[in-house]
2 protein chains.
Amino acid sequence: VTISDLGEFGFIEAIAAELPRSDRTVVGIGDDAAVLTAPDSRVVATTDLLVEGRHFRRDWSSAADIGAKAAAQNLADVAAMGAVPVALLVGFAAPGDLAVAWARELVTGIAAECARAGATIAGGDVSGAGSVVLAVTALGDLAGRDPVTRAGAQPGDVLAYAGVLGESAAGLALLEAGLPRPASLIAAHRRPAPPYHAGPEAAALGATAMIDVSDGLLADCGHLARASRVQVDIDTGRFPGDPALAAAAAALGRPGALDWVLTGGEDHALAATFPADRELPGYWTVIGQVRKGQGVLVNGTAATGRAGWNHFGD
Amino acid sequence: VTISDLGEFGFIEAIAAELPRSDRTVVGIGDDAAVLTAPDSRVVATTDLLVEGRHFRRDWSSAADIGAKAAAQNLADVAAMGAVPVALLVGFAAPGDLAVAWARELVTGIAAECARAGATIAGGDVSGAGSVVLAVTALGDLAGRDPVTRAGAQPGDVLAYAGVLGESAAGLALLEAGLPRPASLIAAHRRPAPPYHAGPEAAALGATAMIDVSDGLLADCGHLARASRVQVDIDTGRFPGDPALAAAAAALGRPGALDWVLTGGEDHALAATFPADRELPGYWTVIGQVRKGQGVLVNGTAATGRAGWNHFGD
């Protein structure tokens, strides 16, 4: 059965019937628009487009993984503001001959990641297209706290991250080389697991700035440093060893894994700055300092080259 | 200059610098997510995907018109809930060799339609793709009123519409036939003008159900009738004569324009049901009755065929 067989309305009905509904949903799927509660009179909103062949490949990832990843990258953006994800709107364009089973599995993956973040699917749109395109919008709730932007880092703050770094990039490198192990890295590439809870908790802990690491740690710290008009110095000695990354580097004949950690995107870790005296829960790892100045340093030296990192072979 | 020349970040910066910012925007373009005010502790949200070659053609419409139309269809969905449009998030995918000038004009069109509706662009995303794809999400404010869904129509209510019907479809027919006149219809196809104000005003007037007419009046009244579990009977004698539509029908050798009025989408008129005793402002035209039963009738007869209309030659 293809999407064309069901038609737009039949397809939406079939999908919507299976989705959970949240008590934050005033009006859900099936009307002109959704209506959601916004208890503190503000709403966090972010949108991303994912294009087949650029952001995902149907031969490398299952439909459920593609859906989960699309959801994750948007939900992580909400968390990176210090907010709790509440709802997704999902735009889905696909060739008419796409199997409904594939699309159902995609939605299952989106819904599963939503559930992990405490959100639900509240609406969407379906269209024909030559290839699969996903447009995901996430909405979130700041629960009365100020949003944590990229712009508040202060000289003297520490830089910390929560989640994992480099695993998705390593997994992609393994896939590209046709290597099946470490399987945990391939899984991390197919389905990242952002630490959603860490976002609002960072806000409550007094984070001064925060960003979702989607372009790579150096690039995203560069965005943060620029927005905050500060310099960020990353101390690579602070990164915990990751045996899976080391194994992948060895399997691929690379000198080490630091390159993935510093420049790999798509893990959707959160990077945040905190006042230096703040006691942080164990899932935050302090990896650097904020100083007067500009740009991103690695171990005190200006990082250069792609994404500000010179790929000097780890 | 192409989008690839500027890169994603350069492109976004160039665009964002020109956009107006609303006092409803707590955090605007350039962070992980936008933050907007939601004064009555609810937010209306809707999303649509527009795919080149399916929803628009670059050779038939200017970039500004494509942008305005993409914005209009989402803003109209917000208005159809009885809400005031507040903000758009715009996902934009395009080939890297697309001229920045085209993309700028697109955004100018989106921003102009936002201004018409009282909204602003608060965020977005940019991606590469083989063809142009727009993913527009609109957010709105119910201003303390209940949302007007599709499901509240009651037997005894009247059916009314605000805006125009059939002009976009007639304009498309003229374009397809290579006819330049009536120019107002071609303009209506390129850039519909939904009556945004009529949505919240209908809510204040006690509308029992409302829908954005995007699939055609018969089809959308069918959605409303089904959601409300009622029957809608449209009296075609109530439609005001439209000289431009009559001229287009004559130019195309068609017996009349009623087919466009009943089945043409994309004008984004609003159709709503009201208690029969309600005095309606002049921009609402009563065109039918709500009764017990199901489905849509035209002049008391069950409409059949495409979109519930048998195209019996007007």
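Residues numbered from 1 in each chain as written. Chains lettered and ligands numbered in written order. Predicted model: local features only at pLDDT ≥ 70, side-chain atom pairs only at ≥ 80, totals over all residues. Heavy atoms only, no water.

Remarks on the interface of chain A and chain B
The extent of an interface is frequently quoted as the accessible surface area lost upon association of the parts.
Here is step 1: If you look at the interface, chain A gives 54 residues, while chain B gives 54 residues.
Here is step 2: Each partner contributes to the roughly 4100 Å² buried at the junction of chain A and chain B, and carbon and sulfur atoms together form 59% of this total.
Here is step 3: When the buried area of chain A at its contact with chain B is split by residue, A:D32, A:V43 and A:L49 rank highest and sum to 17% of it.
Here is step 4: On inspection of chain A and its partner chain B, the count reaches six salt bridges.
Here is step 5: Linking chain A with chain B are 24 residue pairs in polar contact (both at pLDDT 80 or more).
Here is step 6: Among the elements that make up the side of chain A that touches chain B, the one with the highest residue count is strand β3 (residues 42-51) of chain A (nine residues).
Here is step 7: Its residues placed into classes, the side of chain A that touches chain B shows 28 nonpolar, 14 polar and 12 charged. (Contact = heavy atoms within 4.5 Å. Buried area = accessible area lost by both parts, 1.4 Å probe. Salt bridge = Lys/Arg side-chain N within 4 Å of Asp/Glu carboxyl O. Polar contact = N/O pair within 3.5 Å; in protein donor to acceptor, adjacent residues only side chain to side chain. Helix = DSSP H or I, 4+ residues; strand = E, 2+ residues; numbered from the N terminus. Nonpolar A, V, L, I, M, F, W, Y, C, P; charged D, E, K, R; others polar.)

Thoughts on the sheet that holds β3(A)
Here is step 1: The six strands are arranged β5(A)-β4(A)-β6(A)-β3(A)-β2(B)-β1(B) in an open sheet whose pairing can be described as mixed. Of all strands in the sheet, those with a lone pairing partner are β5 (120-128) of chain A together with β1 (25-27) of chain B, marking the two edges. Each strand of the sheet is rotated relative to its neighbour by a mean of 25 degrees, with strand direction disregarded.
Here is step 2: Note that strand β4 (residues 84-94) of chain A and β5(A) share eight bridges and pair parallel. Directly across from A:A93, in β5(A), lies its bridge partner A:S127. (Pairing = 2+ DSSP bridges. Axes fitted to C-alpha atoms, helices over the stretch in contact; angles between N-to-C directions.)

Some details on the pairing of strand β2 (residues 34-37) of chain A
Here is step 1: Of the pairings in the sheet, the one linking strand β1 (residues 25-27) of chain A to β2(A) comprises two bridges and is antiparallel in character. Its bridge partner being in β2(A), A:T25 is matched across the sheet by A:L36.
Here is step 2: Here β1(A) folds back onto β2(A), and the loop between the two strands holds six residues, one of which, A:G30, carries a positive phi near 115 degrees.
Here is step 3: Here β2(A) runs beside strand β3 (residues 42-51) of chain B; their pairing, made up of four bridges, is antiparallel. Following the sheet pairing, A:A34 is matched in β3(B) by B:A45.

Description of the environment of B:L88
Residues and elements named next belong to chain B.
Here is step 1: Along the polypeptide, L88 turns up in strand β4 (residues 84-94).
Here is step 2: With relative accessibility at 0%, the residue L88 sits in the buried group.
Here is step 3: For the pair formed by L88 and A111, sequence separation is 23 residues and the distance between their alpha carbons is 9.2 Å.
Here is step 4: The contacts of L88, once residues within four sequence positions are left out, are A71, N74, L75, I110, C114, T120, I121, A122, G123, V136, T137 and A138. (Buried < 20%, exposed > 50% of the residue type's maximum accessible area, 1.4 Å probe, protein only.)

Structural notes on the relation of the copies chain A and chain B
Here is step 1: In screw terms, the move from chain A to chain B is a rotation of 180 degrees and a rise of 0.0 Å along the axis, fitting with an RMSD of 0.0 Å. Put plainly, the chains are arranged around a two-fold axis. Residues of chain A ranked by C-alpha distance from the rotation axis are headed by A:S41, positioned 2.2 Å from it.
Here is step 2: Counting the interface residues of chain A, we find that 100% of their copies in chain B are interface residues as well, pointing to one common contact surface. (Least-squares fit on C-alpha atoms with pLDDT ≥ 70 in both.)

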